[in-house]
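Geometric and topological summary
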Amino acid sequence: MTLEVRRIVTGHDANGKAVVKTDEQLTAVSRLGRSDVVGCEIWSTDHMPVDNSEEGEAAQRAGFVTRYNYVGTGQGIVIRINEFAPGAARLMHRTETLDYAIVLSGECDLEFDSGEAVHLKPGDVVVQRGTMHTWVNNGPVPCVFAGILIDANPVSVAGQVLRTQFLDL
């Protein structure tokens, strides 16, 4: 898999006019040490409101990510592009985030710990609200999707707090 993503970052010139600050190609790297799942970290922040100043750019570009899926301050946001190879190993997980997952190409199934599953195609958008889930690519081509993750309070059901959890299947 050779996923590359073009990242264009805007900013301002000395006169306050909008300009392109950088235009670059990002090459995907392995996720969780797995060669069957790769991705590019596009941007991350660690507080709200977001700091759009020149001083805030470098840290956001590098990423303040202190946990795998989110900043962890309670106010962070991450955007990334992931690619799952056909037959990629499943990782059932839950994070303390609100996620928007947008399928860009290929197809995959989103499976839950309840046994329920939904088939996803390009253009589908999942609003993931702290649920235990895994992405499954049973198709013949890689599935690429954008993920926008926003820190959230952990879900509480029947008095039980459902924290971040990762389970290999």
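What you see is a predicted model, and the numbers here were worked out from it, not measured in a lab. (Residues numbered from 1 in each chain as written. Predicted model: local features only at pLDDT ≥ 70, side-chain atom pairs only at ≥ 80, totals over all residues. Heavy atoms only, no water.)

Observations concerning the sheet that holds strand β10 (residues 125-129)
The six strands are arranged β3-β4-β5-β12-β7-β10 in an open sheet whose pairing can be described as antiparallel. The outermost strands of the open sheet, each flanked by one partner alone, are β3 (29-31) and β10. With direction set aside, neighbouring strand axes in the sheet form an average angle of 30°. (Pairing = 2+ DSSP bridges. Helix = DSSP H or I, 4+ residues; strand = E, 2+ residues; numbered from the N terminus. Axes fitted to C-alpha atoms, helices over the stretch in contact; angles between N-to-C directions.)

Details of the packing of aromatic side chains
In total, this model carries two aromatic pairs according to the counting rule given. An angle of 40° between the planes, with centres 4.7 Å apart, marks the rings of Trp-135 and Phe-145 as tilted. Of the two residues, Trp-135 sits in strand β11 (residues 133-136) while Phe-145 sits in strand β12 (residues 143-151), which places them 10 residues apart along the sequence. Side by side, Trp-135 and Phe-145 carry an identical accessibility label, which is buried. Feature note: the residues Phe-84, Trp-135 and Phe-145 constitute an aromatic cluster, connected by ring pairs. (Phe/Tyr/Trp six-rings, centres within 6.5 Å; stacked < 30°, edge-to-face > 60°. Buried < 20%, exposed > 50% of the residue type's maximum accessible area, 1.4 Å probe, protein only.)

Some points on the environment of Val-118
Inspection of the secondary structure puts Val-118 in strand β9 (residues 117-120). Classification of Val-118 by relative accessible area gives partly exposed; the value is 36%. Measuring from C-alpha to C-alpha, the distance between Val-118 and Cys-108 comes to 8.6 Å, with 10 residues separating the pair along the chain. With residues near it in sequence (within four places) discarded, Val-118 still touches Cys-108, Asp-109 and Leu-110. (Contact = heavy atoms within 4.5 Å.)

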